[in-house]
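# Observations on the model geometry
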Amino acid sequence: MEISALAHSPLGRNTAGSNHCDPALLYPIARADTRAGLDLPQAPHGADIWNAYELSWLNAKGRPVVAMGRFTFPADSSHLIESKSFKLYLNSLNDERFEYPDIVRQRLYTDLSRACGKPVHVEVLSVRPAFELSCAPLRGTCIDDQDIDFPPTDAPTPDTLVLSQPAPFVRETLVTELMKSNCPVTGQPDWASLQIQYAGPRIDHAGLLRYIVSLRHQGEFHELCVEKIYGEIMAHCAPEELLVYARYTRRGGLDINPWRANVPIKDLGQTRTLRQ
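Let us look at the structure shown here. (Residues numbered from 1 in each chain as written. Predicted model: local features only at pLDDT ≥ 70, side-chain atom pairs only at ≥ 80, totals over all residues. Heavy atoms only, no water.)

## Quick look at the layout of surface pockets
So the rule is basically this: Only protein atoms enter the 1 Å grid used here, on which a cavity is any set of points holding a 1.4 Å probe that cannot leave and a pocket is any open set flanked by protein within 12 Å on both sides along at least five of seven lines; residues with an atom within 4 Å of a point are listed as lining. Grid points are joined across faces, edges and corners, and a volume is the space filled by probe spheres set on the points. In the scheme used here, Gly and all other residues not listed as nonpolar or charged are polar, with Ala, Val, Leu, Ile, Met, Phe, Trp, Tyr, Cys and Pro taken as nonpolar and Asp, Glu, Lys and Arg as charged. Strands here are runs of E lasting at least two residues and helices are runs of H or I lasting at least four, both read from the DSSP assignment and numbered beginning at the N terminus.
Estimates place the volume of the largest pocket at around 400 Å³. Along its surface, the largest pocket is lined by 25 residues, and S83, D190, H222, R251 and I256 are the ones closest to its centre. Within the lining of the largest pocket, the residues separate by chemical class into 12 nonpolar, four polar and nine charged. The computed volume of the second largest pocket comes to approximately 260 Å³. Contributing to the lining of the second largest pocket are 16 residues, with T173, Q197, E241, L243 and I265 lying nearest its centre. Broken down by secondary-structure element, the contributors of at least two residues to the lining of the second largest pocket are β7 (169–182), β8 (189–201) and β9 (241–248). It is β8 that contributes the most residues to the lining of the second largest pocket, four residues altogether. Of the residues in the lining of the second largest pocket, the class split is eight nonpolar, three polar and five charged.

Written out as structure tokens, the structure reads:
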């Protein structure tokens, strides 16, 4: 990704917030800029699901209200939102008075949809039921315990994405907990659980895990990492159906969970992983 797209973002610098709800704090980044040079198949379906665990405002009498927020940004929106700016924007609601929670939801919907260029699905969740949400691993066969060698590398190795021999047609869901990439500006690590669901010739599990591990030094936003994984698998293995879904570890009160697929997904699931 072109770092110039982040030249004026709040990432990696001291940034003042606001005591009043301020959508100007949001820093949209054109998805076209993040995808520049990405010469890979792109998914026709997908979204970026953000969970905010530190959402708060004041009611009409000034009493604090705490909640959780879930925001689903369409992957075909013109812009994504830089995460620190999103945090600053949410913090700007802390001392703002709203008579009803639905007014908060509508304000979030308006500001976020305007910033990203497409309607954003906004849910404001009460923390009492939310606290009852259980954590569980992503569904699927974990491929992490393979006794294989991992040659040292500082760059992704998509050439390890190959079909098994023989390669019968299968439907399978694979999971790894070893996904790691880095923030493109600060270099801070971003950890994730990754689910790959596909139908097609059987993908070699060892080569797939080597590829995922080779991303450990990749400096990209969460969204683009998932798009690259999707594109490389499509380019090298050509499955008939493919879903790539990452649930990233929470940072700064937010977790980001992008998914990309070439078929419509009806039931993605919103269960938090143990690291979220």
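## Overview of the state of the cysteines
Defined as follows: Disulfides are defined as pairs of cysteine sulfur atoms found within 2.5 Å of each other. Burial classes: relative accessible area under 20% of the type maximum marks a residue as buried, over 50% as exposed, and values in between as partly exposed (1.4 Å probe, protein chains only).
Tallied over the full model, the rule gives zero disulfides. With no disulfide of its own, C21 has C116 as its nearest cysteine by sulfur position, at a separation of 16 Å. For C21, a relative accessible area of 12% puts it in the buried group. With no disulfide partner, C237 has as its closest neighbouring cysteine sulfur the one in C225, 18 Å distant.

## Notes on the pairing of β9
Residues in a regular strand point their side chains to alternate faces of the sheet. Convention followed: Two strands pair if DSSP finds at least two bridges between them.
Of all eight residues making up β9, seven are buried, and the element is well covered by its neighbours. Examined bridge by bridge, β8 and β9 share eight bridges and lie antiparallel to one another. If you follow S193 over to β9, its bridge partner there is R247. Where β9 and strand β10 (residues 254–261) come together, three bridges link them in antiparallel fashion. Pairing of V244 across the sheet is with R260, part of β10. Hairpin connection between β9 and β10: a loop of five residues separates the two successive antiparallel strands, and G252 in this loop has a positive phi of roughly 65 degrees.

## Here's the deal with the environment of R210
Spelled out, the test is: We call two residues in contact when some of their heavy atoms are within 4.5 Å.
In this structure, R210 sits in helix α5 (residues 205–213). For the pair R210 and S78, spaced 132 residues apart in the sequence, the C-alpha separation amounts to 33 Å. Filtering out sequence-adjacent residues up to four positions away, R210 remains in contact with I148, D149, F150, P151, T157 and T160.

## Some points on the side chain of S56
Looking at the secondary structure, you find S56 in strand β2 (residues 45–58). Judged by relative accessible area, which is 13%, S56 ranks as buried. Excluding its chain neighbours within four sequence positions, the residues that come into contact with S56 are V65, V66, L93 and N94.

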